[in-house]
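# Summary of structural features
Spelled out, the chains give:
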Amino acid sequence: MSQPQGALLVGSVNYPDAETTFRTAATVLGGHLKRIPDGEVGKRFHWIMFQPDVLGQAEGIERIGDERIPMPAGLDARPLRIGDGVDAAAIELPALGYATAAVESYAEFVRLREEGVIADRVRFQVSLPTPLAVISSFFFGDDRVAIDPVYTAAILREVEQIAAAIPAEDLAIQWDVASEMGIIESASGYGATMQAWWPGDPFDGLVERLATLIDAIPAGVEAGLHLCYGDVGETHFVEPTDTGHLVRFANAITAAAQRELTWVHLPVPIERDDAAYFAPLEGLKLGADTELYLGVVHRQDGADGTTRRIEAAKPFAPAFGIATECGIGRAPADETAGLLAIHAVVASPWGTDA
């Protein structure tokens, strides 16, 4: 089998709508992809930054500060607090928006599949943030403890609704895992140290939480994991020394989850084309059928840089596909077509032998 084989679109794609994302990805990458996301268009383009506007509608949750913190698409990034005297367990959160968006995009996916644009074997991919990302980004102190079970239940309802509306054989769900890596690294990024709010070993708590999320994905639906070091302005909250923490976390989650992961994605910083970064991959223990994707594709150095990182990884990973290290939506819009093309140039399609 040729290496690398296959490609993964992590989530966001810098196109204006789902139809453009589906059509372009299917045309440019074709047999390289087993699943295609809708590009996280609209308010989801900025990942979780639309969630404060959603949660702020709930009775008992207040915005912090009187002045809006403006974001593109009309979003207000002000953080949140639980109102004085409010019992968090009694708060009824509105629909978070992920299920509604998935159902709408899936209808477009089906239409294009019926037209022959998307192959029958390809699944529709939905990428979701972990509860920890939203809670740690927009709540503080004891409010994190209080809102944790409430928001977790809400995101799991979104999973249930998505799985109820989309046939299992058509669906793939990916958990986006970023803040967790910040806690593992004890990172002080984006202005605040990333910390756990539960008792005991933070690592054990992270593993338990993520295993629960993975096991909530119904049988027959593909389950993916995107481990991330952040990508605000195409910059990590901390640069990983090597893949050691990623491997340790992926191994622990694989062991703790009751169901097998379909794929795991690990980031690769642009400057890391050295053996030392990839060496811990020798200890990666995924399921027998779990696909590994490495985020070796970067717009700044194209196919040549991607190839250098691939060659550095090969001695330590028996088989892997390629991806960017985070969503393509983080790159300038005029770079999107070139980024997709790099995937097609340096990796072989699925089913290709060499």
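Above this text is the structure in question.
The present account deals with the structure reproduced in this document. All values reported here derive from a predicted model rather than from experimental measurement.

A few words now on the overall build of the chain. From N to C terminus, the chain includes eleven helices and 13 strands. Rg of the C-alpha trace for the chain: 20 Å, near the compact-globule value of 20 Å for 354 residues, within the 12% margin. Overall size of the chain, expressed as C-alpha extent along the three principal axes, is 65 × 45 × 40 Å. When the 354 residues of the chain are sorted by exposure, 56% land in the buried category. A fraction of 78% describes how many contacts in the chain between residues 6 or more apart in sequence connect residues 24 or more apart. Per element, the accessible surface of the chain, about 14200 Å² overall, is 52% carbon and sulfur. Considering the chain, the positive charge centre built from 25 side chains and the negative charge centre built from 51 side chains are found 2 Å apart.

Read across the sheet, seven strands follow the order 1-6-7-10-11-12-13 without closing on themselves; strand pairing throughout is parallel. The open sheet terminates on both sides in strands that have one partner only, identified here as strand 1 (35-37) and strand 13 (321-324). The mean inter-strand angle of the sheet, taken between neighbouring strand axes irrespective of direction, is 30 degrees. Along the sheet, helix 5 (residues 142-165) contacts strand 6 (123-129) and strand 7 (171-177); its crossing angle with strand 7, the most-contacted strand, is approximately 160 degrees. Set on the sheet, helix 7 (residues 202-215) makes contact with strand 7 and strand 10 (222-227); between it and strand 7 the angle comes to about 165 degrees.

Turning next to the environment of Leu 266. One can find Leu 266 in strand 11 (residues 263-267). Its relative accessible area of 0% is what places Leu 266 among the buried residues. Sequence separation between Leu 266 and Asp 301 is 35 residues; the distance between their C-alpha atoms is 19 Å. Discounting residues that sit within four places of it in the chain, Leu 266 has contacts with Leu 227, Leu 246, Leu 281, Leu 292, Tyr 293, Leu 294 and Gly 295.

It is worth spelling out the packing of aromatic side chains at this point. Tallying each qualifying case throughout the model produces nine aromatic pairs. When the centroid spacing of 6.2 Å and the interplanar angle of 20 degrees are considered together, the rings of Tyr 106 and Phe 109 count as stacked. One end of the pair, Tyr 106, and the other, Phe 109, are both in helix 3 (residues 98-114), three residues apart, so they sit about a helical turn from each other. Considered together, Tyr 106 and Phe 109 belong to a single accessibility category, that of buried residues. A ring pair is formed by Trp 197 and Trp 198, whose centres lie 5.3 Å apart and whose planes are at 80 degrees; its orientation type is edge-to-face. Of the two residues, Trp 197 and Trp 198, both sit in the buried class. Clustering of aromatic rings is evident, with ring pairs tying together Phe 22, Tyr 106, Phe 109 and Phe 124. The cationic tip of Lys 34 hangs over the ring face of Trp 350; the distance from NZ or CZ to the ring centre is 3.9 Å. Its guanidinium or amino end placed over the ring of Phe 203, Arg 248 lies 3.6 Å from that ring's centre, counting from NZ or CZ.

End to end, helix 3 covers 24 Å across 17 residues, agreeing with the expected 24 Å (1.5 Å per residue, within 8%). Of the residues making up helix 3, those classed as buried are Tyr 98, Ala 99, Ala 101, Ala 102, Ser 105, Tyr 106, Glu 108, Phe 109, Val 110, Leu 112 and Arg 113. Considering only its buried residues, helix 3 is in contact with helix 1 (18-28), helix 2 (51-55), strand 6 and helix 5. At the C-terminal side of helix 3, Gly 116 shows a positive phi close to 90 degrees.

A few words on the pattern of salt bridges. Tallied over the full model, the rule gives 24 salt bridges. A salt bridge links Asp 170 to Arg 113; its shortest N-O distance comes to 3.0 Å. Within this pair, whereas Asp 170 is found in the loop between helix 5 and strand 7, its partner Arg 113 is found in helix 3, the two being separated by 57 residues in sequence. The pair Asp 170 / Arg 113 is uniform in exposure class, with both members buried. With a closest N to O distance of 3.5 Å, Asp 301 and Arg 308 form a salt bridge. Accessibility expressed as a relative area gives 42% for Arg 308, which makes it partly exposed. A single network of salt bridges, built from pairs that share partners, joins Glu 19, Arg 23, Glu 108, Arg 111 and Glu 115.

What counts as what
- Residues numbered from 1 in each chain as written.
- Predicted model: local features only at pLDDT ≥ 70, side-chain atom pairs only at ≥ 80, totals over all residues.
- Heavy atoms only, no water.
- Helix = DSSP H or I, 4+ residues; strand = E, 2+ residues; numbered from the N terminus.
- Rg over C-alpha atoms; globule rule 2.2 N^0.38 Å.
- Buried < 20%, exposed > 50% of the residue type's maximum accessible area, 1.4 Å probe, protein only.
- Contact = heavy atoms within 4.5 Å.
- Areas by Shrake-Rupley, 256 points an atom, 1.4 Å probe, with all protein chains shown as cover.
- Lys, Arg positive; Asp, Glu negative; His and termini not counted.
- Charge placed at Lys NZ, Arg CZ, Asp CG, Glu CD.
- Pairing = 2+ DSSP bridges.
- Axes fitted to C-alpha atoms, helices over the stretch in contact; angles between N-to-C directions.
- Phe/Tyr/Trp six-rings, centres within 6.5 Å; stacked < 30°, edge-to-face > 60°.
- Lys NZ or Arg CZ within 6 Å of the ring centre and 35° of its normal.
- Expected span 1.5 Å × (residues − 1).
- Salt bridge = Lys/Arg side-chain N within 4 Å of Asp/Glu carboxyl O.

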